[in-house]
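Fold and contact review
Given next are the chains, with one letter for each unit.
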Amino acid sequence: EDNRPRLRPPTSSRSLRWSPLDRYSLALALALARRRGREGVVLISMARPLRIHLLPFLLLVLASISSSLAEIKNLKISSDSRATILFEKFGFTPRGEVTIAVSDVSVSSALGTPDPALLGFFLLSDEKLIQAAYDSQHDHRSNPNPNPDPNPGCVLHSTYVLFLFTFAELSPGSSVSLNRSFPVSHPDEYSLFFANCAPETAVSMSVFTEMYNARPDGSHDFLSVGQSPVPSLYTFFAAAYIAFFAVWIYLTLFKNRLAAHRIHHLMAGLLLTKALNLVFAAEDQHYIRKTGTPHGWDVLFYIFQFLKGVLLFTVIILIGTGWSFLKPFLQEREKKVLMIVIPLQVIANIASVVIGETGPFIRDWVTWNQVFLLIDVICCCAILFPIIWSIRSLRETSKTDGKAARNLAKLSLFRQFYIVVIGYLYFTRIVVYALKTIASYKYRWVSVAAEETASLAFYIFMFSMFRPVEKNQYFVLDDEEEEAAEMVLREEEFEL
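Residues numbered from 1 in each chain as written. Predicted model: local features only at pLDDT ≥ 70, side-chain atom pairs only at ≥ 80, totals over all residues. Heavy atoms only, no water.

**Details of the sheet that holds strand β4 (residues 119-125)**
Consider a sheet: its strands pair through backbone hydrogen bonds, and that pairing is either parallel or antiparallel. Here we have four strands laid out as an open sheet, ordered β2-β7-β4-β5, and antiparallel in their pairing. Only two strands of the sheet have a single partner each, and these edge strands are β2 (84-91) and β5 (162-166). Across the sheet, the axes of successive neighbouring strands diverge by a mean angle of 20°, strand direction being ignored. Pairing analysis gives four bridges linking β4 to β5, with the strands arranged antiparallel. If you follow G120 over to β5, its bridge partner there is T166. (Pairing = 2+ DSSP bridges. Helix = DSSP H or I, 4+ residues; strand = E, 2+ residues; numbered from the N terminus. Axes fitted to C-alpha atoms, helices over the stretch in contact; angles between N-to-C directions.)

Right, here's the structure in full:
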């Protein structure tokens, strides 16, 4: 018997009857899913509109992140009664394959023994999701039904899903189990789901998943097709940061050693942790691509991701306050900003580890995504305050200390830094996210390249602005420039 799953030809969607609320909810969910790149979640609400509450799925769509790495995973589900469980997303080539092994299966229901054919696994492609939504809307316009069927059927029987197997195929015994492999010959990005169509039924099981694309030489590529170039990208940028670090060490320890301040040594530490973070990210992705597991490189990656995050926000805050190169101390409000941002970065990195090492199959995955997003927004806002305070302080000082040219130079410096920081945060949080959403699954690496390019440009600009030099143009000015600056300060106000 051929176990190859085949996409059934599209048929009429009259079996999927919708109420007006269901149609509105699907439209909203589709819009949100396009923004978050999780269109696969929506079909569940489409296929079983009256059995599944839409709100949890909308929250999942809102909080979801980009496709998982699809490494080999061993998952444990315990007494879970959710109607659907999303395991992961993966972009397949025409030589893709899915392996699923289920063991230690137990099913409990308050309504007696459930039908095992109502519990099973399926794949959902983005292409079929869009087609299903279009056909459903078209069918409703051409044949509206004021009395929809309250039991539209199980999603496992939908013509739009790539059916894998149900629990009816499990091997009986003391440890109920099943191990199957399924070729995927139609290239697309697929979401792997478990569906529980039996009412008031809880499922416990151990699940082993393996998704990969076969290379021409027969070896396996465990990275999604759009993520395959990512290890090479990380390696390239790691080499760029190592070269940058070497140049910075030369400037701070040799060429301009007398002009270097404590902030410059802290900036060197930031460059080193960023370079090592990329090195370990490249190794992590490389081993996942080759073997399906990170071989411990993920631990080093998360450690240096945490150090890099803390140091980056700390350096931006300290530069914004002018610490060490303008003043030797921090004011009380500036210390409070650091005391807020650093603990938040600890929590954000804990959330990042949970998100990266688990997946949407855990019940609290949505919450961890929301925590990470909220903390990231708070930290991005907090680091702007010291720069604003420095600009306001310099504006006030320029009116009384008689050093117009120097204050004008400092104002220009901090104003440029403020604009650059906002531009960097906007690009890495919004533009990069838009690229992830807009780009085809085959080009997900483009968003990684854009983010790392923007980060490198930001680092170069920031380090160039505040580099240690004996005669910095911002702080050493002659009398003519002093007089010209006084005129500028009288005529122009520096506003944010």
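**Digging into the state of the cysteines**
Summed over the entire model, instances satisfying the criterion amount to one disulfide. The disulfide that involves C154 links it to C197, with 1.8 Å between the sulfurs. Every disulfide takes its handedness from the sign of the S-S torsion; for C154 and C197 that torsion is 65°, giving right-handed. Placement of C154 in the loop between α4 (126-142) and β5 and of C197 in the loop between β7 (189-196) and β8 (201-214) is noted, with a sequence separation of 43 residues between them. By the burial criterion, C154 is buried, and C197 matches it. Unpaired in terms of disulfides, C379 finds its nearest cysteine sulfur in C380, a separation of 7.0 Å. Owing to a relative accessible area of 0%, C379 belongs among the buried residues under this scheme. (Disulfide = S-S within 2.5 Å. Buried < 20%, exposed > 50% of the residue type's maximum accessible area, 1.4 Å probe, protein only.)

**Side note on the nonpolar core**
Within the largest apolar cluster, 66 residues are counted, with the highest numbers of intra-cluster contacts made by F417, V421, F458, Y459, M462 and F463. Mapped by element, the contributors of at least two residues to this core are α5 (230-255), α6 (262-291), α7 (297-321), α8 (332-357), α9 (365-382), α10 (384-397), α11 (404-438) and α12 (445-465). Ranked by the residues each element gives to this core, the list is headed by α7, at 11 residues. Ignoring any residue separated from it by four or fewer positions in sequence, one finds Y459 in contact with Y241, F244, L270, L271, K274, K308 and L312. (Core = buried A, V, L, I, M, F, W, Y, C linked by side-chain atoms within 4.5 Å. Contact = heavy atoms within 4.5 Å.)

Geometry only, nothing functional implied.
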